[in-house]
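Reading the structure
Here are the chains, one letter per residue:
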Amino acid sequence: EAQVTQNPRYLITVTGKKLTVTCSQNMNHEYMSWYRQDPGLGLRQIYYSMNVEVTDKGDVPEGYKVSRKEKRNFPLILESPSPNQTSLYFCASSWSERRFLEPLHFGNGTRLTVT
Amino acid sequence: EDKVVQSPLSLVVHEGDTVTLNCSYEVTNFRSLLWYKQEKKAPTFLFMLTSSGIEKKSGRLSSILDKKELFSILNITATQTGDSAVYLCAVEANSGAGSYQLTFGKGTKLSVIP
């Protein structure tokens, strides 16, 4: 089944303790992206990647890192999480070639709480 | 800066009513406009619109884009309680060098009561 898989689904952690949220897709998509969703603010893009070894900042990249060493995986790293990073996080993927006009496929989300 | 504004932010209707959700945008190098439905989990895709004036339809849902006035509407006829969700509008724009950006609106929360 074609899907985007995020793990974990829920995570409660303390300030300053490094964490990684994994994202994997099985559709051979070039484009992958991370969003955070907060009440009243909608979905905001953190980082995106057009292909392997190519990553770019989105609208709210501060406090986050990403890597794209393989096509299928796009982990989100919080080196020193803070309470303002408490949010619902979504990973998404799609084709990136101009000839493909295809919507993003979303993972099921990771609810992160930083205390 | 690219901007996507949805209205209303929240809407409560009775089953059987028809609703119209609005999305206006200001982006450079527009590529497409997308509508998603988000219930408790991940957003699920509804429509992608690239051309003005061509209605896309799926059952009781339909959507149309106006590239001159820079807006889109999502219509839901004969609403059901299962239509209760947050509806997200997103605009895709070319950001150069084969890259593109997707900007989301804040969503419209639709509640359909029996």
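Each remark here, short or long, concerns the structure printed above.
This is a predicted model, so every value here is computed, not measured.

A word on the overall build of chain A
The helix and strand tally for chain A stands at zero helices and eleven strands. For chain A, the α and β elements follow one another from N to C terminus as β-β-β-β-β-β-β-β-β-β-β. Relative to the compact-globule value of 13 Å for 115 residues, chain A shows a C-alpha radius of gyration of 13 Å, a close match. The dimensions of chain A, computed from C-alpha atoms along their principal axes, are 45 × 30 × 30 Å. A total of 115 residues make up chain A; the buried ones form 50% of that total. Sequence separation of at least 24 residues holds for 55% of the intrachain contacts in chain A that already meet a minimum separation of 6. A total of about 5500 Å² of accessible surface is found on chain A, and carbon and sulfur atoms cover 50% of it. Taken together, the 14 basic and 11 acidic charged side chains of chain A have centroids lying 5 Å from each other.

As for the state of the cysteines
Residue and element names in this part refer to chain A. The final tally for this structure, using the stated rule, is two disulfides over all chains. In this model, Cys 23 is linked to Cys 91 through a disulfide, with the two sulfur atoms separated by 1.9 Å. Because the sign of the S-S torsion sets the handedness, a value of about -75 degrees for the bond joining Cys 23 and Cys 91 places this disulfide among the left-handed ones. Here Cys 23 is found in strand β3 (residues 19-25), whereas its partner Cys 91 is found in strand β9 (residues 87-94), with 68 residues between them in sequence. For the pair formed by Cys 23 and Cys 91, the shared burial category is buried.

Describing unusual backbone geometry
Residue A:Pro8 follows A:Asn7 across a cis peptide bond; omega there is -5 degrees. Position of A:Pro8 relative to the elements: it lies in the loop between β1 (4-7) and β2 (10-13). Looking along the chain, the bond that leaves B:Ser7 and enters B:Pro8 is cis, with omega of -10 degrees. In this structure, B:Pro8 sits in the loop between β1 (3-7) and β2 (10-14). Unusually for a residue other than glycine, B:Ala78 sits at a positive phi of about 45 degrees. Of note, B:Ala78 is situated in the loop between β8 (71-76) and β9 (85-96).

Here's the deal with the environment of A:Val4
Residue and element names in this part refer to chain A. Looking at where Val 4 falls in the secondary structure, it is placed in strand β1. It is 15 Å that separates the C-alpha atoms of Val 4 and Arg 68, two residues lying 64 residues apart in sequence. Val 4 has contacts with Cys 23, Ser 24, Gln 25, Met 27, Cys 91, Ser 93, His 105, Phe 106, Gly 107 and Asn 108, leaving out every residue within four places of it along the chain.

Describing the pairing of strand β10 (residues 99-104) of chain B
All names here are of chain B. With six of its six residues buried, β10 lies for the most part within the structure. The alternating pattern of β10 places Ser 99, Gln 101 and Thr 103 on one face and Tyr 100, Leu 102 and Phe 104 on the opposite face, and all of these are buried. In the sheet, β9 pairs with β10 via six bridges, with the strands oriented antiparallel. Across the sheet, residue Gly 96 finds its bridge partner in β10, namely Ser 99.

A look at the pattern of salt bridges
Applying the stated rule across the entire model yields eight salt bridges over all chains. By sharing partners, the salt bridges in this structure join A:Lys18, A:Lys65 and A:Glu79 into a single network.

Reading the values: rules and limits
Residue numbering note: each chain is counted from 1, following its sequence as written. To label them, take the chains in the order written and letter them from A, then take the ligands in the order written and number them from 1. A pLDDT threshold of at least 70 governs which residues receive local features in this predicted model, and a stricter bar of 80 or more applies before side-chain atom pairs are shown or counted, although totals over entire chains, interfaces and linings include all residues. In computing side-chain values, all of the structure's heavy atoms are included and hydrogens and water are not. Only runs of H or I of at least four residues qualify as helices and only runs of E of at least two qualify as strands under DSSP, and these elements are numbered from the N terminus. Here the radius of gyration uses the C-alpha set of atoms, whereas the globule reference equals 2.2 Å times the residue count to the power 0.38. Remark: exposure states derive from per-residue accessible area (1.4 Å probe, protein chains only) relative to the maximum for the residue type, with buried under 20%, exposed over 50%, and partly exposed in between. Pairs of residues are marked as contacts when any of their non-hydrogen atoms sit within 4.5 Å. Here, Shrake-Rupley sampling with a 1.4 Å probe gives the accessible areas, and only protein chains in the shown set may cover a residue. A residue counts as positive if it is Lys or Arg and as negative if it is Asp or Glu; His and the chain ends are not included. Just so you know, the charge point we use is NZ for Lys, CZ for Arg, CG for Asp and CD for Glu. Count a disulfide wherever a pair of cysteine sulfur atoms falls within 2.5 Å. A pair of strands is treated as paired once DSSP finds two or more bridges between them. A side-chain nitrogen of Lys or Arg and a carboxyl oxygen of Asp or Glu constitute a salt bridge if their distance falls within 4 Å.

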